[in-house]
Amino acid sequence: MKTITLATLAATLVAGSALVTAAQAADMAVKAPVVAAPAPVNPWDLAFGAGVYSDYNFRGISQTNRGPAVNVYFEPRYNVNDMLQLYAGVAGWNVDFANRARGEIDIYGGIRPTFGKLALDFGIWYYYYPGGTCYNASVPGECALNGNLNADQWNLIGGAANGNVIKKDLSFLEYYAKASYTFTDNIAAGVAFYYDQDWLNFGFDAKYLSGNVKLTAPSNWLPTGYGLYLSGEVGRYWLGTTDNFYFNVRLPDYTTWNVGIGLTYKVFTVDLRYYDTDLSEGQCNAITSDFNATYSPTNVIAGLNPSGLGSKWCGQQYVISLKADLTYGANIK
């Protein structure tokens, strides 16, 4: 029987400890480092912005009597995934309509599917114009004003002294479908279709189809943070025959177009744009009931505008605007 000395026992323990340490080191080299789970992405986002305009021009027709306008909007968004976004929003404008309505409130919502370079947008939009006044002394029951006003009262209220008529409420509902395709970082084009249910409360539905193109300057053309673009749109409105209040008149279909140039800096955009339509001043008056419309023999259109009044709300116009557009996720968070 061999005798184990203290020296032998110590050497054995030291060797064993070295083997365990080597094994642990080898094991550590094989194991993958622990990676923290990525933070969950918040699917909610919020877009909001405001703008000031030299005129609020809507599809070729001034909404503010060719005067300045202010716009604000607020749009919560929910990103279902990278290819689908749900949204709803509210927006506001000042207007100056012939029925003396002073504001427009827009309530809207929809979905935005995206397939690579193709972006779609389907939704519904309600245009609400509170505070209007009805002008038509010849249709009792249709108007709160039914012929009991004297000349001074007509002049004080404004809007009907020239003989035009218009309803108190011009609000209407619209459905839309849009598509845009980004060919390159510098070229994009789109098409949009709008169906207006009882357009401006005229008593008929209307359809609007438009196409647009946008050319964006290469990023190396301008200092960092700046952008430059040129864009244009051509649209066609198909209208219909009015109800009894407007004497069952067939309003003219019309084409409108605009082209403009814009400079961007971060969230800000300055845009200078030219608008026009193919409407004559007489046709424009039949559509707008413009309270500033004036008489000219050339504006007489039998069956449409026999009064001979003409409006300049649909003619050539330059509009300059300054806008700020932000999203919580990109600009604030």
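Being a predicted model, the structure only gives us computed values, none of them experimental.

Draft legend 1. Seen up close, the overall build of the protein chain. Secondary structure summary: the protein chain contains four helices and 16 strands in total. Taken across its 333 residues, the protein chain has 40% of its residues classed as buried. Long-range pairs, those at least 24 residues apart, make up 58% of the contacts in the protein chain between residues at least 6 apart in sequence. Carbon and sulfur atoms make up 64% of the accessible area of the protein chain, which amounts to about 18600 Å² in all.

Draft legend 2. Quick look at helix H3 (residues 281–288). Burial analysis of H3 places six of its eight residues in the buried class, the great majority of the element. Taken together, the buried positions of H3 are Gly282, Cys284, Asn285, Ala286, Ile287 and Thr288. Buried residues belonging to H3 abut strand E3 (61–62), strand E12 (254–265) and strand E15 (309–310).

Draft legend 3. Spatial organisation of the nonpolar core. Tyr129, Trp199, Leu239, Leu251 and Ile287 are the most contacted members of the largest nonpolar core, which has 46 residues in total. At the level of secondary structure, the elements contributing two or more residues to this core comprise strand E5 (84–94), strand E7 (118–128), strand E8 (172–182), strand E9 (187–197), strand E10 (206–216) and H3. Dropping the residues within four chain positions of it, Trp199 is found in contact with Phe172, Phe204, Ala206, Tyr237, Leu239 and Ile287.

Draft legend 4. Structural context of the pairing of strand E1 (residues 44–53). Burial along E1 is one-sided: the face carrying Asp45, Ala47, Gly49, Gly51 and Tyr53 is buried and the face carrying Trp44, Leu46, Phe48, Ala50 and Val52 is not. Across ten bridges, the pairing between E1 and strand E4 (residues 69–81) is antiparallel. Counted as the bridge partner of Tyr53 is Ala69 from E4. Two strands pair when backbone bridges link them, and E1 and strand E16 (residues 317–327) are joined in this way by seven bridges, in the antiparallel orientation. By the bridge assignment, Gly49 is partnered in E16 with Asp325.

Draft legend 5. Broad picture of the pattern of salt bridges. Tallied over the full model, the rule gives twelve salt bridges. Residue Glu174 pairs with Arg59 through a salt bridge whose shortest N-O separation is 2.8 Å. Linking Glu174 in strand E8 with Arg59 in the loop between strand E2 (57–58) and E3, this pair joins segments that are 115 residues apart in sequence. For Glu174, a relative accessible area of 1% translates into the label buried. Between Arg100 and Asp96 there is a salt bridge whose closest N-O contact spans 3.9 Å. Asp96 carries the same exposure label as Arg100, and that label is buried. Through salt bridges that share partners, Glu75, Arg77, Arg112 and Asp121 make up one connected network.

Draft legend 6. Local environment of the confidence of the model for the protein chain. Averaged over every residue, the pLDDT of the protein chain is 87; residues scoring 70 or more account for 81%. Confidence drops under pLDDT 50 across residues 144–160; counting only partners more than four residues distant or on other chains, this segment forms 25 contacts.

Draft legend 7. Structural detail: the state of the cysteines. Applying the stated criterion across every chain, the model contains one disulfide. With its sulfur 2.0 Å from that of its partner, Cys284 forms a disulfide with Cys314. Handedness of the Cys284-Cys314 disulfide follows from its S-S torsion of about 80 degrees: it is right-handed. Of this pair, Cys284 sits in helix H3 while Cys314 sits in the loop between E15 and E16, and the two are 30 residues apart along the sequence. You'll find Cys284 and Cys314 in the same group, each marked buried.

Draft legend 8. Spatial organisation of the sheet that holds strand E6 (residues 103–115). In spatial order, the strands read E1-E4-E5-E6-E7-E8-E9-E10-E11-E12-E13-E16; together these twelve strands close into a barrel with antiparallel pairing. Taken over all neighbouring pairs, the strand axes of this sheet differ in orientation by 20 degrees on average, direction set aside.

Draft legend 9. The arrangement of the packing of aromatic side chains in detail. Counted according to the given criterion, the structure contains 27 aromatic pairs. With a centroid separation of 4.8 Å and an interplanar angle of 65 degrees, the aromatic rings of Trp44 and Tyr78 are classed as edge-to-face. Taken as a pair, Trp44 in strand E1 and Tyr78 in strand E4 lie far apart in primary sequence, 34 residues in all. Tyr78 sits in the partly exposed class, given a relative accessible area of 31%. Here Phe97 and Tyr129 contribute two aromatic rings whose centre-to-centre distance is 4.8 Å and whose plane-to-plane angle is 50 degrees, an arrangement assigned as tilted. Pair noted here: Phe97 is in the loop between E5 and E6 and Tyr129 is in the loop between E7 and helix H2 (151–157), with a separation of 32 residues, a long-range link. For the cation-ring pair, Arg59 lies above Tyr194, with the distance from its terminal atom to the ring centre recorded as 4.2 Å. Across from the ring centre of Phe291, 4.0 Å away, lies the NZ or CZ of Arg100, which sits over that ring.

Here is what the cut-offs are and how they apply
- Residues numbered from 1 in each chain as written.
- Predicted model: local features only at pLDDT ≥ 70, side-chain atom pairs only at ≥ 80, totals over all residues.
- Heavy atoms only, no water.
- Helix = DSSP H or I, 4+ residues; strand = E, 2+ residues; numbered from the N terminus.
- Buried < 20%, exposed > 50% of the residue type's maximum accessible area, 1.4 Å probe, protein only.
- Contact = heavy atoms within 4.5 Å.
- Areas by Shrake-Rupley, 256 points an atom, 1.4 Å probe, with all protein chains shown as cover.
- Core = buried A, V, L, I, M, F, W, Y, C linked by side-chain atoms within 4.5 Å.
- Pairing = 2+ DSSP bridges.
- Salt bridge = Lys/Arg side-chain N within 4 Å of Asp/Glu carboxyl O.
- pLDDT = per-residue confidence, 0-100.
- Disulfide = S-S within 2.5 Å.
- Axes fitted to C-alpha atoms, helices over the stretch in contact; angles between N-to-C directions.
- Phe/Tyr/Trp six-rings, centres within 6.5 Å; stacked < 30°, edge-to-face > 60°.
- Lys NZ or Arg CZ within 6 Å of the ring centre and 35° of its normal.

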